Each structure stands twice: as C-alpha cells, then as structure tokens.
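What follows is the residue order along each chain.
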Amino acid sequence: MKIGIDIRTLMDAQYSGIPEYTLNLIKEILKLDKKNKYKLFYNSGRDLSGRMPEFTGDNVEIIGARYPNKIFNYAMQKILHKPKIDKLLGVDIFLMSHINFIALSGKCRSILTIHDLSFLRYPEFFSFRKNFWHGMINIKKLAGNFDQVIAVSENTKQDIVELCGISPEKIKVIYSGIGRQYRKIDNNAGWQNFTSAQKKYNLPKKFILYLGTLEPRKNVEGVIQAYNELRIKNRELAEVKLVIAGGNGWKVKNIFKEWKKSEYKNDIQFLGYVGADDKIYLYNLAALFVYPSFYEGFGFPPLEAMACGIPVVCSSVSSLPEVAGEAAIMADPYNIAEIASSMEQILTDHDLQNNLINKGLEQAKRFSWKKTAEKYLEAFGSLS
C-alpha cells in the first residue's frame, strides 16, 4: 500500500504544536511500519531543503512542488482543483495531518486530522489574516470530503460533530503522544546542561513557568494577572519569579501592555521561542507550570511538564481536564483569583507538590507516540 502524508506544516521555521505533532507521528510510523510505502508531500516557493527534517528508510520518499504558496493554495488547489495530490504522488491513501487546501481525486481514500476548532469557537482570538485563511479553508466542507476524520481528543470530536455536522461514526479519537525526551532529570547527573540553560536564559533560582505560543487563546495576560495577585496576596513568595517562554503568535500587544503595567514587571521574564532541547531543562528547573488556556484541542505543554516531574495548574475547560486527569490542579481560566490561589497552594504545600508530581509522572506515561502511530496504522488498514 502506498500512503501519502502532507508535511507542509514542517515548512515552519520554528516548531511547536502541530509541526511537532506531524514530525513525531511520521517518525514513529516509519519506525513501526516497514511494509507500506510512504510519500511525503510539501510545497514551497522557496528552497527550504536545508530546513527539511531527516526521514530515513527505504520505504519513504519526499516529493515537493515549488509553487508560491498563495498561488498553489488559493488558485490551484481551491479554485482549479489541480494538481490532484494523490495522482501526483501515486498513492492509495492520503493523510492530512492538519487542515489545509487540498485537491484529491475520487479514487483516493483519505484521512484528515483535526487538532482543534478554536477558530470556530473563538474567532475573536485570531487575527483577520488567520480568520480569512480559516474561512477560505471551509472546514465543514473539507471535513465532509474525507473518508475518515481523526480527532486528538474526545472534546475535539464533540466539537467536530457540533460545529461541522460530521457523523460521530466517521470520527476516530487518537490521542497525541509526548516525546520520551520529556523526563525528570537528576540535577546532579545533568548539572552541566542545567547550568548551561540557566546561563543561556539568565533564569532565576525559583520560578513559575508558562510555555507556549503567545496569542490570546493561551491566556498569557491571565498568567501575568494571576502572578500579580499571588505576589500581593503572599509577600513571602517574593523569591518566586515568572518566566514566560514561547514565540510571538498574533495579537500580542495586550500581553506586553499587561506586563508593562505590572508592579512586578521586573520579576517577569520573556524568553521568546525556546527550542525542543532547551524546553526539557526549563521544565525541570521550574517550581511550577501554569497553563490557563481558554481552549485546547489537546494540550502538549501540561503533559510535557508532568513528564519532567513538575506540578501543574491548568484550565478546567475544553480538552485539558480530559488530558491532565487528576494529575493537575484545575482552575477556571476566566477567574484570576482561582488561578492565583491554585499556584499559591502548590508553592506553599510540599505534600501537595509531591502528590501532583507523582500523579503527573503516571499520567504522562499514558501518552506515547508509539500508541498514536499504532492507531494511525489501524486507520490506514481500515481504509485499504
């Protein structure tokens, strides 16, 4: 069987979320499956070969087109419906690991992965450009054209049924994995890397960590407000700083406005985008991880933090209760006092810290890329 996979998300300069999902999923599929042939498709008007991840194996081939993205997406794929990507690749099944413009022939069996429908739930969280792109994609029509839809959580499945009108029978839930590199590292064994990360980012001795793209949906303003309230409420926690890691997404002005007006702005540090290798040490060095997002289709960072042995505060909404289970303290993302109180509980109660750390380590074990890839292979088999 010949299987095509869309890897256009891997053209991003900085990986987070969906690009990391796509990369890890494909690598694990190729590790498990030596029988089927895989053809990975990308398009770019520029030569991005130097940015392309390495995929090894006799059963994998990377095939690219060199059209400017706007012409390829809007004119060729959306309007002209050419070229048919499955015909271009010569495949029986095509997997879209994320929503995008696509033209496929009627003969090709197809699978679409939907990570979240935040743009339908909360269009106000997105820029005009993002909303225009999502509107042109037309997710309801796109999802309806595929033989099978993969949802990364039960919450996302419910959203697909409700917002896109897709039959529940057509949707298969496959949980995302987290990388084995996210683990609790002994401070003595890895002291050189810990020291290197501390120096590189000029990290404080004790800090609360937020890690994720800076955008309205992630509620980074709420993180800053909750930190302010924590410091006002408990003066004994003055040694605890706030570290915000993640690249700028869109609509970030209000985040930095909130920071500038904070009485404790000198104790709040922005790191910008942090690569995968450094993320591991940031998690391990943090005293607490906070992630009060308004909406998540899955939510990688809380699980990554748990796998690194860090207690977690996260939202009580969307997929996060499903993914974090009982291993995190849940807070209403709209209730700043509740977020601040949750952080204070963890920082001042050592028994609670240890309880959450132990539960988090066990919860994180439930999610692996091997399990995710095995479920995808089952999905491919069901369509063959």
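Only a predicted model underlies this, so the values are computations on that prediction, with no experimental measurement involved.

1. What about the overall build of the protein?
Scanning the protein from terminus to terminus reveals 16 helices and 13 strands. Compactness check: the protein gives a C-alpha radius of gyration of 21 Å against a globular reference of 21 Å for 384 residues, within 12% of the reference. For the C-alpha atoms alone, the extent of the protein along its principal axes is close to 65 × 45 × 40 Å. Counting only residues that meet the buried cut, the protein has 56% of its 384 residues in that class. Long-range pairs, those at least 24 residues apart, make up 69% of the contacts in the protein between residues at least 6 apart in sequence.

2. A word on the environment of Glu-236
One can find Glu-236 in the loop between α9 (220-233) and β9 (241-245). Separated by 112 residues in sequence, Glu-236 and Thr-348 place their C-alpha atoms 9.7 Å apart.

3. Thoughts on the nonpolar core
Ranked by size, the top nonpolar core spans 98 residues in total, and within it Ile-208, Leu-209, Phe-289, Tyr-376 and Phe-380 carry the most contacts. Those residues in contact with Ile-208 that lie beyond four places of it in its chain are Tyr-227, Leu-230, Val-240, Lys-241, Leu-242, Val-243, Leu-288, Val-290, Met-343 and Leu-347. The next biggest cluster of nonpolar side chains, apart from the first, holds 35 residues, and it includes Phe-41, Ile-99, Phe-125 and Ile-139.

4. As for the packing of aromatic side chains
Under the criterion given, the structure shown has 25 aromatic pairs. Taking 5.7 Å as the distance between ring centres and 75 degrees as the angle between the ring planes, the aromatic pair formed by Phe-298 and Phe-367 counts as edge-to-face. On the criterion of sequence distance, the pair formed by Phe-298 in the loop between β11 (288-291) and α12 (300-307) and Phe-367 in the loop between α15 (350-364) and α16 (369-383) is long-range, its members being 69 residues apart. Judged by its relative accessible area of 4%, Phe-298 falls in the buried class. A network of ring pairs unites the aromatic residues Tyr-21, Tyr-175, Phe-298, Phe-300, Phe-367 and Trp-369 as a single cluster.

5. Concerning the sheet that holds strand β10 (residues 268-272)
Here 6 strands make up an open sheet; going across it, the order is β10-β9-β8-β11-β12-β13 and the pairing parallel. Both outer strands of the open sheet, β10 and β13 (329-331), are each paired with one neighbouring strand and no more. Looking at each pair of strands side by side, their axes are set apart by 25 degrees on average, direction ignored.

6. Focus on the side chain of Ser-293
With respect to the secondary-structure elements, Ser-293 resides in the loop between β11 and α12. Here Glu-296 takes part through its side chain, which lies 2.8 Å from a polar atom of the side chain of Ser-293. Excluding anything up to four places from it in sequence, Ser-293 contacts Arg-217, Lys-218, Asn-219, Ser-315, Val-317, Leu-320 and Pro-333.

7. Some remarks on α12
Burial of α12 is extensive: 8 of the 8 residues sit out of reach of the surface. Residues of α12 that are buried: Phe-300, Pro-301, Pro-302, Leu-303, Glu-304, Ala-305, Met-306 and Ala-307. Backbone geometry just downstream of α12 places Gly-309 in the positive-phi region, at approximately 80 degrees.

Criteria and thresholds
Residues numbered from 1 in each chain as written. Predicted model: local features only at pLDDT ≥ 70, side-chain atom pairs only at ≥ 80, totals over all residues. Heavy atoms only, no water. Helix = DSSP H or I, 4+ residues; strand = E, 2+ residues; numbered from the N terminus. Rg over C-alpha atoms; globule rule 2.2 N^0.38 Å. Buried < 20%, exposed > 50% of the residue type's maximum accessible area, 1.4 Å probe, protein only. Contact = heavy atoms within 4.5 Å. Core = buried A, V, L, I, M, F, W, Y, C linked by side-chain atoms within 4.5 Å. Phe/Tyr/Trp six-rings, centres within 6.5 Å; stacked < 30°, edge-to-face > 60°. Pairing = 2+ DSSP bridges. Axes fitted to C-alpha atoms, helices over the stretch in contact; angles between N-to-C directions. Polar contact = N/O pair within 3.5 Å; in protein donor to acceptor, adjacent residues only side chain to side chain.

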